Amino acid sequence: MRREKEYGLNQLETVGIPVPALFVILVGTVARNWETMRAMRNFLANAKVPASAKFLSACAAITFFAGASAHADQPKNWETTFQAPATDMMRQIEWFGNYTMWFIVPITILVLLLLAYCIVRFRASANPVPSKTSHNTLIEVIWTVGPVVILLCLAIPSFQLLTAQYTPPEEAKLTVKATGNQWNWDYEYQTENTLSFNSAILQDGDRAGAGKEDRKVYPRLLAVDNELVVPVNTMTRVLVTATDVIHSFAMPSFGIKIDAIPGRTNETWFKAEKEGIFYGQCSQLCGKDHAFMPIAIRVVSDAQFKTWLAAAKTDLPGANKTLMAEVDGQNKVAAAGN
């Protein structure tokens, strides 16, 4: 009841008329740029895959090119695709998701057509005496060899991508420890002078004091009081653990998701290529307030990060407000220039 009163969970919210999923997918796909094409080319150039898989990959990229002309750093109403990628790893994940559609869609259509044919051709009225044939060598060869070939075309790039997710291409320049609690996060910067703070969901009553009244930038149920701040284009290692139950540290735009397990430290990494605020959530059912455990990462320039880090060690709220003011000022100047 406390949460319902604070966040208005029992209030109906008008979000508009649902848009057909197919239309949204097509529009979203066409609107994206060629960033994923570049990631796909790099991925295939480094991967040792058969020529047939490379050919299918190229065909997939022709139609399902995707990117981020204006990165989507938070969920949108009626969103049916991934959030726009902010890392090269997420672009590879997005490409692989589109690549698999070249197998999923034809297989689905084929099965549907076969079912329709069997219903019409072999119905009782049209086929009163059913065939007693029990084996057909050609059909058995086709339905054995076909799936094997398809699985190989899916498995090889899938294993390559999985390996890349757990193999950072370079040494981390920044290490942050993220500890999941019921229901918030503790962050600890592994720097010369350790900085640690708690990050919890931003309550509506605290928005004005925090200077986060713009819900387009700081959305309801996703905004937090203290964001995790990292520099852009910097390899960042995240050590993930928990204090009570299993949580999960997930950031869709970065392509990372790893469980936070009590008594164990897991590791993930990312290298954000765009500045801005990116939102994720705990993605393990961790108790009654699981839905109120957001993750917010603010990516800033290297100079801004160094200034914020030095100030945050003595005055975290003041450092956050100074950083917000600087970022908002830059955004206004950029908008005026356009």
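Here, every reference points to the structure presented above.
Residues numbered from 1 in each chain as written. Predicted model: local features only at pLDDT ≥ 70, side-chain atom pairs only at ≥ 80, totals over all residues. Heavy atoms only, no water.

J.: Would you take a moment to explain helix H5 (residues 88–121) for this structure?
T.: Working note: α-helix, 3.6 residues per turn, so residues spaced by three or four point in the same direction. Its 34 residues place the ends of H5 50 Å apart at the C-alpha level, agreeing with the 50 Å of an ideal helix rising 1.5 Å per residue. Here H5 has its buried residues at Met-89, Met-90, Arg-91, Gln-92, Ile-93, Glu-94, Trp-95, Phe-96, Asn-98, Tyr-99, Thr-100 and Phe-103. (Helix = DSSP H or I, 4+ residues; strand = E, 2+ residues; numbered from the N terminus. Expected span 1.5 Å × (residues − 1). Buried < 20%, exposed > 50% of the residue type's maximum accessible area, 1.4 Å probe, protein only.)

J.: Help me out: how do you make sense of the pairing of strand E6 (residues 247–251) in this one?
T.: Looking along a regular strand, one sees side chains alternate from face to face of the sheet. For E6, the buried fraction is high: five of the five residues fall into the buried class. Every second residue of E6 is oriented toward a common face, with His-247, Phe-249 and Met-251 on one face and Ser-248 and Ala-250 on the other, all of them buried. In terms of strand pairing, E6 meets strand E7 (residues 256–260) through five bridges, oriented antiparallel. Each bridged residue has a counterpart across the sheet, and for His-247 the counterpart in E7 is Ala-260. In sequence, E6 turns back onto E7 through a hairpin of four residues, with Gly-255 there showing a positive phi of about 75°. (Pairing = 2+ DSSP bridges.)

J.: How should the packing of H5 against helix H6 (residues 137–165) be read in this particular structure?
T.: When two helices pack together, their arrangement is given by the angle between their axes and by how far apart the axes lie. Taken N-terminus to C-terminus, the directions of H5 and H6 make an angle of 165°; their axes are 11 Å apart at the nearest point. What the angle tells us is that H5 and H6 run roughly antiparallel. Here H5 runs over H6; the crossing is left-handed. Where H5 approaches H6, its residues Met-89, Gln-92, Ile-93, Trp-95, Phe-96, Tyr-99, Thr-100, Phe-103 and Ile-107 are matched on the opposing element by Ile-150, Cys-153, Leu-154, Pro-157, Ser-158, Leu-161, Ala-164 and Gln-165. Residue classes in the contact of H5 with H6 are distributed as 13 nonpolar, four polar and no charged. (Axes fitted to C-alpha atoms, helices over the stretch in contact; angles between N-to-C directions. Parallel < 35°, antiparallel > 145°, perpendicular 65-115°, else oblique. Left-handed = near helix turned anticlockwise from the far one by under 90°. Contact = heavy atoms within 4.5 Å. Nonpolar A, V, L, I, M, F, W, Y, C, P; charged D, E, K, R; others polar.)

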